[in-house]
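What follows is the residue order along each chain.
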Amino acid sequence: MRKPLARPILALVLMMPIAGCATLGLNGPNIAAPNSATARGPAAAPDAAPIPKPSAKTADSLDTTTAEQRAEAAKKPVGGETKLGTTIASLGDPADPGFWVKTGLVKSETPGRIEDPKTGKSAKVTLIPSGKAAGSGSEVSLPALRLLEVPLTDLPELTVYKL
């Protein structure tokens, strides 16, 4: 007499090595998820920051932007921007490269800038709609928060501008 759970358990055991292929990078061509950096557009540019290695664990190893990219992002634009409001910011996905903010202050992806009113430091970013209400806070990329020199565990109030 066969046990009723034998087949499902056998199927799971046989599928486990296949499931591990994605973790090891053996799952074929890299197809980006809909909200990943490559699907956003600006991060797909040739000068975009690469995705961090899976072994990255520190802020330094997760921030794959170059000195030139950081210098460009730190430049304040000369006019032509619109203040959208302020937001309470938290660290977004640290493995998602580039300079970006997911916020309810925009309805479509657009170039922008964030500024820490306490220090005056700013970063040019891609503003990405979060789908949440404007007052619900925003997620900010690791490189952008580092450029502002904001502690990664803080919840700073930032001013958001559309370029």
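Look up a bit, the structure's there.
Residues numbered from 1 in each chain as written. Predicted model: local features only at pLDDT ≥ 70, side-chain atom pairs only at ≥ 80, totals over all residues. Heavy atoms only, no water.

So, on to the side chain of S141. Checked against the element boundaries, S141 lands in the loop between β5 (138-140) and α5 (142-148). In terms of polar contacts, S141 uses its side chain to reach the backbone carbonyl oxygen of G98, at 2.9 Å. Sequence-distant contacts of S141, that is, excluding residues within four places in its chain, are made with L91, G98, F99 and W100. (Helix = DSSP H or I, 4+ residues; strand = E, 2+ residues; numbered from the N terminus. Polar contact = N/O pair within 3.5 Å; in protein donor to acceptor, adjacent residues only side chain to side chain. Contact = heavy atoms within 4.5 Å.)

The next subject is the packing of aromatic side chains. Under the counting rule described, the total for this entry stands at zero aromatic pairs. Above the ring of W100, the side-chain terminus of K102 is found at 5.1 Å from the ring centroid. The cationic tip of R113 hangs over the ring face of Y161; the distance from NZ or CZ to the ring centre is 4.3 Å. (Phe/Tyr/Trp six-rings, centres within 6.5 Å; stacked < 30°, edge-to-face > 60°. Lys NZ or Arg CZ within 6 Å of the ring centre and 35° of its normal.)

Glancing now at the pairing of strand β4 (residues 122-129). Burial analysis of β4 places six of its eight residues in the buried class, which makes it a mostly covered element. Sheet topology note: the strand β2 (residues 100-103)/β4 ladder contains four bridges and is parallel. Residue pairing across strands places W100 opposite T126, the latter belonging to β4. Of the pairings in the sheet, the one linking strand β3 (residues 110-115) to β4 comprises six bridges and is antiparallel in character. (Buried < 20%, exposed > 50% of the residue type's maximum accessible area, 1.4 Å probe, protein only. Pairing = 2+ DSSP bridges.)

Our next topic: the nonpolar core. Grouped together as the largest cluster of nonpolar side chains are 18 residues, with contacts concentrated most on I114, V125 and V140. Of all the secondary structure elements, the ones that give two or more residues to this core are β4, α5 and β6 (157-162). For this core, the element with the highest residue contribution is α5, accounting for four residues. With residues up to four places along the chain from it excluded, the contact list for V140 reads A89, S90, L91, G92, W100, V101, I114, L145 and L158. (Core = buried A, V, L, I, M, F, W, Y, C linked by side-chain atoms within 4.5 Å.)

Alignment of strand β1 (residues 82-91) against β6, held across six bridges, turns out to be antiparallel. Residue pairing across strands places G85 opposite V160, the latter belonging to β6. With three bridges connecting them, β1 and β5 associate as parallel partners. Residue L91 lies in a different strand from β5, and its bridge partner there is V140.

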